Amino acid sequence: MTTRLTVAQALVRFLAAQHTERDGVRQRLIGATWGIFGHGNVAGLGQALVEYGDDMPFHQGRNEQSMVHAAVGYARQSNRLSTHAVTTSIGPGATNLVTGAALATVNHLPVLLLPGDVFATRVADPVLQQLEVPYAGDVSVNDCLRPVSRYFDRVTRPEALIPAALQAMRVLTDPVETGAVTLALPQDVQAEAYDWPDEFFAERTWTVRRPAADPAELAEAVRAIRAARRPLVVAGGGVHHSRAEEALAAFAEATGIPVASTQAGKGSLRHDHPQDVGGVGHTGTATADELARTADLVIGVGTRYTDFTTASNTLFQGDGVRFLNLNIASFDGHKLAGLPLVADARSALDELTGALRSHGHRVADAYVTEYGEDKERWEQRVDACYEADEPDVRPTQPQVLGALDALVDESDVIINAAGSLPGDLHKLWRARSRDQYHLEYGYSCMGYEIPAAIGVKLAAPERNVWALVGDGTYLMMPTEIVTAVQEGIAIKILLVQNHGYASIGGLSESVGGERFGTAYRYTADDGTFTGAPLPVDLAANVASLGMRVLRAKTVRELREALAEARRADTPTCVYVETETADTVSGPPPAQAWWDVPVAETATRPSAVKARELYERHVSTRRRHL
């Protein structure tokens, strides 16, 4: 039996019938479609979404990149078991997807991209917005998406949709391969009719696997852990993707091994768990970084070991330090010349815990006492950063976080991605649940926060979802506020105004760049941006997009505004000004280095001094072989 439909109609019906299943729980794979329509998709996918609107929920976006961010936020909150599709026209609509696609792929988060494309038949050539490539007739701007996609196909014939769609679902649901998946859809093919086999539209369930550890690798891992005197777990995002938090807690409690976390892994243990020692690496805590420097075995669980985690390979300095890498991806399992334990995080942690319990293995009590006392001292530093002795003055950025920290419970989700906030949050934030801390720091994409908050709220409508946004990030991409208002998606925005790029300003100063071009100020007589702060009223801008705004000028007003926003059932923004970006103070300094190369020759004293310091740090780098 067959059914005659257009390619776009067939694709929408197919997507509505796809499901995932893990641990006996089944859910829809493509929960909704985001779209902005133009001539490349309005007559195809646009018409199909009208035709089958009952089967496929639709969200109207304002920026193509932000639609991908919303889909990614939804996917992460859904534990990668469900995601959204994103459709665009050809030309700029399609190329605007590239940044969002890169973010998804870097973070191993599934999203389905459906950009329109030029005519496959080439009866009208070139069409509006087509990039002509003199040396290749089969290239369009959509080819920009190839390097940032885990799977890419251009559907140039109706019947080619069947294998392409099935391959797309395979990649989206593979915990190793997943990321951005792109099906480029020529606009003429979208509208072309075909007699589809009814089996194509049958309900399909894609099982998300939990591969167990290889027995030989498991035995080697157990031997390595039993031989270690100062082991340290580095928990990455794979712990959350696997829902391995309870398994990690059982492992840590049974062995006494402390657990540090990457940005993606923070919250793997609650902040008050005895074995949790906080963030690790350049933005980590003093407790975790000192343990990392003296560890003889680093047990990476679901981490990619980025340069922020390893402090650009200067952090792990212990004599003879070895790495044991539990990761579902072999590529990551072999990093830093480590012992690979290639398996699902939850499955392998359960196996490790059982094997070590059978040996009665546990680290020395003195080690537990050492990191416990260090953790207590760090918590006192956090308290000092959060404390505001004078509630009627302008808050520092850590005091802003302290006010929010005092208000939330385990049901709240905080979202951030870029600027100075990620460093403060990684050091200071006290994660109360497995998914409260939502930091996108694999790509650290400015503009992610607001659309991602929408995606998270759609996935978990019962949660309070906070987008923590600096002024630099806000100016990049505030447009999805309109979507939140339109659909009544009650996200909370905490908008921090410090008149510039605080994070990069500090980095610029440390590498001899003298904060050049990082402050939002008027141009001075000498041509530098050192005049008075710009009179930009971001709160007024938020209000102009339809969102309710609560202004706070002092710590006291901030506390009141945050409490009111948390109670709100409509989209609400809390706006607060802190110190300017060139006078930020309060958070503890970096506890580990990060390699940003400094000019090797310069005449300005700041750069000369920065280069001297840089060379001292570089001399401590190790290659773990």
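> Give a detailed account of the overall build of the protein chain, specifying residues and quantitative values.
Helices and strands together make up the secondary structure of the protein chain, namely 24 helices and 23 strands. Scaling as 2.2 N^0.38, a compact globule of 625 residues should have a C-alpha radius of gyration of about 25 Å, and the protein chain matches this with 25 Å. Each principal axis of the C-alpha distribution contributes one length, and for the protein chain these read about 70 × 70 × 55 Å. Taken across its 625 residues, the protein chain has 59% of its residues classed as buried. Long-range contacts, defined as pairs at least 24 residues apart, comprise 77% of the intrachain contacts of the protein chain with a sequence gap of at least 6. Carbon and sulfur atoms provide 51% of the accessible area of the protein chain, an area that totals close to 24,300 Å².

> Account for the pattern of salt bridges, with residues named and values stated.
Oppositely charged side chains can pair when the atoms bearing their charge come close. Enumeration according to the criterion identifies 35 salt bridges in this entry. Residue Asp-117 is joined to Arg-154 by a salt bridge in which the shortest nitrogen-to-oxygen separation is 2.7 Å. Residue Asp-117 is found in strand S7 (residues 111-117), and its partner Arg-154 is found in strand S8 (residues 151-154); the two are separated by 37 residues along the sequence. Residue Asp-117 shares its accessibility class with Arg-154, and that shared class is buried. For Arg-210, the salt bridge is made with Asp-344, and the minimal N-O distance between the two is 3.0 Å. Within this pair, whereas Arg-210 is found in the loop between strand S11 (204-207) and helix H8 (215-227), its partner Asp-344 is found in the loop between strand S17 (339-342) and helix H14 (345-358), the two being separated by 134 residues in sequence. Per residue, the accessibility class of Arg-210 equals that of Asp-344, and both read buried.

> Can you lay out the packing of aromatic side chains for me, pointing to particular residues and giving the numbers?
The full count for this structure, using the stated rule, is 12 aromatic pairs. Centre to centre, the rings of Phe-14 and Phe-200 are 4.6 Å apart; their planes meet at 10°, and the pair counts as stacked. Taken together, the residues Phe-14 in helix H1 (residues 7-16) and Phe-200 in the loop between strand S10 (193-197) and S11 connect sequence positions 186 residues apart. Here Phe-14 matches Phe-200 in class, with each residue buried. With centroids separated by 5.2 Å and ring planes inclined at 70°, the aromatic side chains of Tyr-501 and Tyr-520 adopt a geometry described as edge-to-face.

> So what's going on with the environment of Ser-503? Which residues, and what values?
Tracing the backbone shows Ser-503 in helix H21 (residues 502-510). The exposure class of Ser-503 is partly exposed, given its relative accessible area of 30%. Measuring from C-alpha to C-alpha, the distance between Ser-503 and Arg-26 comes to 42 Å, with 477 residues separating the pair along the chain. Discounting chain neighbours no more than four positions away, the residues touching Ser-503 are Gly-419 and Ser-420.

> Quick one: what's the story with the sheet that holds strand S2 (residues 18-22), residue by residue and with numbers?
Pairing within the open sheet is mixed, and its 3 strands lie in the order S3-S2-S11. Either end of the sheet is taken by a strand with one partner, and the two such strands are strand S3 (25-28) and S11. Across the sheet, the axes of successive neighbouring strands diverge by a mean angle of 30°, strand direction being ignored.

> With reference to specific residues and values, describe helix H3 (residues 64-77).
For H3, which comprises 14 residues, the first-to-last C-alpha distance of 20 Å matches the rise-based estimate of 20 Å (1.5 Å per residue) to within 8%. Taken across its 14 residues, H3 has 14 buried, putting it largely inside the fold. The N-cap residue of H3 is Asn-63: its side-chain oxygen and the backbone nitrogen of Gln-65 are 2.8 Å apart. Positive backbone phi, at 60°, marks Asn-79, one or two positions downstream of H3.

> Report on the state of the cysteines, specifying residues and quantitative values.
Under the counting rule described, the total for this entry stands at 0 disulfides. Of all cysteine sulfurs, the one in Cys-445 lies closest to Cys-144, which takes part in no disulfide; the gap is 17 Å. For Cys-144, a relative accessible area of 41% translates into the label partly exposed. The class for Cys-445 is buried, based on a relative accessible area of 8%.

> Would you mind going over the environment of His-84 in detail, with residue names and values included?
Relative to the helices and strands, His-84 resides in strand S6 (residues 83-88). Dropping the residues within four chain positions of it, His-84 is found in contact with Ile-30, Gly-31, Ala-32, Trp-34, His-59, Ala-71, Tyr-74, Val-111, Leu-112 and Leu-458. Engagement of the side chain of His-84 in a polar contact is seen with the side chain of Trp-34, the distance being 3.0 Å.

The rules we used
Residues numbered from 1 in each chain as written. Predicted model: local features only at pLDDT ≥ 70, side-chain atom pairs only at ≥ 80, totals over all residues. Heavy atoms only, no water. Helix = DSSP H or I, 4+ residues; strand = E, 2+ residues; numbered from the N terminus. Rg over C-alpha atoms; globule rule 2.2 N^0.38 Å. Buried < 20%, exposed > 50% of the residue type's maximum accessible area, 1.4 Å probe, protein only. Contact = heavy atoms within 4.5 Å. Areas by Shrake-Rupley, 256 points an atom, 1.4 Å probe, with all protein chains shown as cover. Salt bridge = Lys/Arg side-chain N within 4 Å of Asp/Glu carboxyl O. Phe/Tyr/Trp six-rings, centres within 6.5 Å; stacked < 30°, edge-to-face > 60°. Pairing = 2+ DSSP bridges. Axes fitted to C-alpha atoms, helices over the stretch in contact; angles between N-to-C directions. Expected span 1.5 Å × (residues − 1). Polar contact = N/O pair within 3.5 Å; in protein donor to acceptor, adjacent residues only side chain to side chain. Disulfide = S-S within 2.5 Å.

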